[in-house]
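# Examining the three-dimensional arrangement
If you want the building blocks of each chain, they are given just below.
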Amino acid sequence: MNGKYIYIAISTLLCVLCAIVTFFPYFLLMIIYMYFLYQYKRFSKEQIALLVVIFTFSLLIGMKGEKMNHSLIPESTTAFTLEYIESPKIDGDLLQVEVKEKFHNENLILRYKLKKENEKKYLQNKSFFSRVCKVSGSLKKPVVAKNPNGFDYRSYLSNKRIYWILETSENPLQQCTPIRPSLLVMVKQLRFTGTRYLTDHFPIEIASLSAALIFGDRSLLNPDLLGNYQKTGIVHLLAISGLHVSLLIGVVFYLGLRCGVTRQWMTNVLLVAIPVYVILTGSSPSVIRAGLMIFLVLVTTKWKNRLKLLPIDAICLAFIVFLFFDPLIIFDVGFQLSFSVSVAIIMSASTIYSFYQHSLVRMLVTSVISQLAAFPFLLYHYFELSLVGIIANMLYIPLFSFVYLPGLYFLFVVQLLFSNTPSILINIFIKIISFFNELIDYAAKIPFGSFIPGRPTLIFLIMDTLIILAIFCNWEHITSSKGKRRLILLSILLFTLQMGSNRFNPYGEVTMIDVGQGDCILIQLPFRKGTILIDTGGTMQYPVEEWRQRANPFEVGKDVVVPYLKGKGITKIDKLILTHGDIDHIGGSFSILNELKVKQILIPSVIDPSDTELDIIKIAKKKGIPVIKVAAGDYWNMGGFEFYILSPERNFAGERNSGSIAFFSRIGGRNWFFGGDLDKEGEEKIIKRYPHLTIDVLKAGHHGSKTSSAELFIQQVKPKTVLISAGEKNRFGHPHQEVLDRLKEVNATIYRTDLQGAITYRFYKQKGTFSTFLP
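So, here is what we can say about the structure in this document. (Residues numbered from 1 in each chain as written. Predicted model: local features only at pLDDT ≥ 70, side-chain atom pairs only at ≥ 80, totals over all residues. Heavy atoms only, no water.)

## Here's the deal with the overall build of the chain
Scanning the chain from terminus to terminus reveals 26 helices and 27 strands. Relative to the globule expectation of 28 Å for 775 residues, the C-alpha radius of gyration of the chain, 29 Å, shows essentially globular dimensions. In terms of overall dimensions, the chain has a C-alpha envelope of 95 × 70 × 55 Å along the principal axes. Expressed as a percentage of its 775 residues, the buried residues of the chain come to 50%. Long-range pairs, those at least 24 residues apart, make up 69% of the contacts in the chain between residues at least 6 apart in sequence. Summing over all exposed atoms, the chain offers an accessible surface of approximately 37,600 Å²; the carbon and sulfur share of this is 61%. (Helix = DSSP H or I, 4+ residues; strand = E, 2+ residues; numbered from the N terminus. Rg over C-alpha atoms; globule rule 2.2 N^0.38 Å. Buried < 20%, exposed > 50% of the residue type's maximum accessible area, 1.4 Å probe, protein only. Contact = heavy atoms within 4.5 Å. Areas by Shrake-Rupley, 256 points an atom, 1.4 Å probe, with all protein chains shown as cover.)

Written out as structure tokens, the structure is:
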């Protein structure tokens, strides 16, 4: 079976997908796959029978995993007996830790808001392991995504078999009883101690990088630095993977031999050490995959007369073992990237690499192969692909392999042995780290440094995968001129297929994005003839004590609006309309201006703009973005669609909401009215000025507050559909029942983001339909 384990791995994957995704399509695919193996790969009947057995066994495992994927704990439970199974994560005044509820043997996420700074310092340096604690609190469901392309925390935790968040108001270590630690807990305790040791004895620049590369803990790294690594496509270097494990195991094996230890004895030591190392470094999918592969290779080395295993067989067996123990791991992005890239590199070793002899060229080829293998997964999960990643990998892989990894391990060992690290070594490493951090920050800001076609649909995922496979097949025959031409054409097709589909899409959309208590509406015209963003949402930031500040606080522009736009393949905003100066309407603008190209900003013509508006104007001036003050009577045409400003009057001097930009347009066969937070006074001025105004779709003013949607206004315009943007369970009570009753009197259909998430009107020419993201 040497070299054929890949076929078993594919069979196992199809079986698991049958069980936990949808049965019939994958079952049909499995039948076709077996016929292909029998007819074209000359599999014997016995081998096909073996695959059928594996299929049945894997299907049962997958079905069992799916059946057990639900909670056993009643929602009304308030008293819990918990065992802490991971180290806590403390960010500002929030403590989060994964725990095991002992009665139902189910994992939870415990959250506790720290009350005092000294309590934070105490818990930061306190081990949570080897104790069982009684905690009272309330269970809450993790939040779901309320926008397309949004992060679904509930699904993410569900795939890890975590279904509840336990919120407590009491110190989680108050009522605890010590227990005898298991070997697993002892190793996790050692990881916690090691991380704390680094933070206590090294500057944060060295401690944070060491914690990531030695113990697999990235929580100490600066969020902006992590973002730069992500943008430049080298974030995988911060995750312990095959590169790190192979280097470490190789060094340990070599040192053992140099010290006079036999190969057999060193092999036995490493077979015991590898599982411990996997746990010690956080047990991420990438490190488990690497550990399993090396473990299997060592086993075959130990029993080389009885067992032979090719590298591709080792990774396929690791894949099968993974799915056997946890079928839901196929949804983990780390698992997907780790196996896809590793398989691509291994399978290219005997074919593509043979064309290139120079080590620098081989490094470039490895980087290209990795990017191609990761292409569909990166686009699906992150919506973009770094175009500078190939060059960045060529520079940073040697940096991590020959400077960071050995150097940081050396500093750590020196500190352990002598309780003191020479300051000259510390200073050298800080300068090296600072220089390369600045370099990656520069690379992350390179214009057009990312390829952003948007999240691919299933059809595009399949097409991208087939094109990538065709690229690899043709790359193996690159010596012929025909193979080179095909390779170039396929590469162009890979990068233009989805972008072309976006560009020539005849459908348009108007989407009210759910930004909580705020406003944000996207208008996409057909054939990408124009993209208009009306407001950006915003997050109120209240001053807090320094110790309470989060390292990477939630910001609606960065965490909601930008991902939504990138997921749609939008990199350019033709008009950013900021209806008025309230933070819940324009606070997200800073993230938009940093991440996307904005061609023009429209703000209301008011005498006294808000401080936030003034800050936006300053940034726009630096970026060369024209800022236009608009007032009633202004008009523009975009892609054949006309837009008319109805309010405010020029140089408006009244209350801010009353001075909101309100405009009218006919889109998709319907008359639309967008009015920001326009109040009753502003609405009544408009209907006096435009007595024959009729509206099919009304964006309700001020989130459905009773200060807007005046009865006179509603009775005159008689909207057929009303869109209300309001935060779920907001403290203002929006939308007000009085407004809802008023809208029902004119038989308007009401859509609300607090209940239904994002609301989209998709149209073709003069017809369209509304849909909501949540049912």
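## Quick word on a nonpolar patch on the surface
Together, Leu395, Phe435, Leu439, Tyr442 and Ile446 line one region of the surface with nonpolar side chains, adding up to about 480 Å² of accessible area. Positionally, Leu439 belongs in helix α16 (residues 423-444). With relative accessibility at 31%, the residue Leu439 sits in the partly exposed group. (Patch = residues over 30% accessible without salt bridge, like charges linked within 9 Å, V, L, I, M, F, W, Y side chains within 5 Å. Salt bridge = Lys/Arg side-chain N within 4 Å of Asp/Glu carboxyl O.)

## With respect to the pattern of salt bridges
Any two side chains of opposite charge can pair, given that their charged atoms come close. Applying the stated rule across the entire model yields 27 salt bridges. Between Asp519 and Lys699 there is a salt bridge, with the nearest N and O atoms lying 2.5 Å from each other. Remark: Lys699 occurs in strand β23 (residues 697-699) and Asp519 occurs in the loop between β11 (508-512) and β12 (521-524); sequence separation between them is 180 residues. By relative accessible area, which is 3% here, Asp519 ends up buried. Relative accessible area serves as the criterion here: at 3%, Lys699 is assigned to the buried category. Between Glu595 and Lys566 there is a salt bridge, with the nearest N and O atoms lying 3.0 Å from each other. Linking Glu595 in helix α21 (residues 589-595) with Lys566 in helix α19 (residues 556-567), this pair joins segments that are 29 residues apart in sequence. One connected set of salt bridges, linked through shared partners, spans Asp93, Glu545, Arg548 and Arg550.

## Topic: the side chain of Ser11
Position of Ser11 relative to the elements: it lies in helix α1 (residues 5-20). For Ser11, a relative accessible area of 0% puts it in the buried group. Discounting chain neighbours no more than four positions away, the residues touching Ser11 are Met30, Tyr33, Leu51 and Phe55.

## Some words on the pairing of strand β4 (residues 106-113)
With 6 of 8 residues buried, β4 lies mostly within the body of the structure. With 8 bridges connecting them, strand β3 (residues 94-101) and β4 associate as antiparallel partners. Residue pairing for β4: Leu95 is matched across the bridge by Tyr112. Joining the antiparallel neighbours β3 and β4 is a turn of 4 residues, in which Asn105 adopts a positive phi near 55 degrees. Sheet topology note: the β4/strand β7 (residues 162-168) ladder contains 5 bridges and is parallel. Among the inter-strand pairings, Tyr112 is bridged to a residue of β7, identified as Thr168. (Pairing = 2+ DSSP bridges.)

## Notes on the sheet that holds β11
A sheet is described by the order of its strands in space; here 8 strands give the open sequence β18-β17-β15-β13-β12-β11-β26-β27, paired in mixed fashion. Since the sheet does not close on itself, it has two edges, and those belong to β18 (627-630) and β27 (767-772), each with one partner. When strand polarity is set aside, the average angle formed by the axes of neighbouring strands in this sheet is 15 degrees. Direction of pairing for strand β26 (residues 759-764) relative to β27: antiparallel, over a ladder of 6 bridges. Note that in β27 the partner of Ile759 across the bridge is Thr772. (Axes fitted to C-alpha atoms, helices over the stretch in contact; angles between N-to-C directions.)

## Quick notes on the sheet that holds β23
Read across the open sheet, the 7 strands follow the order β19-β20-β21-β22-β23-β24-β25; overall the sheet is mixed. Two strands bound the open sheet, and with one partner strand each, they are β19 (635-638) and β25 (749-752). When the angles between neighbouring strand axes are averaged without regard to direction, this sheet yields 20 degrees. With 4 bridges joining them, strand β24 (residues 721-724) and β25 adopt parallel strand pairing. Of the residues in β25, the one forming a bridge with Thr721 is Thr749. Helix α25 (residues 737-745) contacts β24 and β25 of the sheet and is inclined by roughly 145 degrees relative to β25.

## Looking at unusual backbone geometry
Going from Ser647 to Pro648, the amide bond is cis rather than trans, its omega being 5 degrees. Residues His734 and Pro735 are joined by a peptide bond in cis, for which omega reads -5 degrees. Tracing the chain through its elements places Pro735 in the loop between β24 and α25. The backbone of Ser130 shows a phi angle near 60 degrees, a positive value even though the residue is not glycine. Secondary-structure assignment places Ser130 in the loop between α4 (117-124) and β5 (131-136). The backbone of Phe527 shows a phi angle near 55 degrees, a positive value even though the residue is not glycine. Topologically, Phe527 is positioned in the loop between β12 and β13 (531-534).

## Observations regarding the state of the cysteines
For the structure on display, the rule yields 1 disulfide. Residue Cys133 pairs covalently with Cys176 via a disulfide, S to S 1.9 Å. Disulfide Cys133-Cys176: the torsion about the S-S bond is 105 degrees, which places it as right-handed. Taken as a pair, Cys133 in strand β5 and Cys176 in strand β8 (residues 176-178) lie far apart in primary sequence, 43 residues in all. The class of Cys133 is buried, set by a relative accessible area of 0%. Accessibility expressed as a relative area gives 26% for Cys176, which makes it partly exposed. Lacking any disulfide linkage, Cys473 is separated from the closest cysteine sulfur, that of Cys316, by 16 Å. (Disulfide = S-S within 2.5 Å.)

## A look at the pairing of β7
Within β7, 6 of the 7 residues are buried, which leaves the element mostly enclosed by the surrounding structure. Both strand β6 (residues 138-140) and β7 contribute to a ladder of 3 bridges, which runs antiparallel. Paired with Ser138 across the two strands is Glu167, which belongs to β7.

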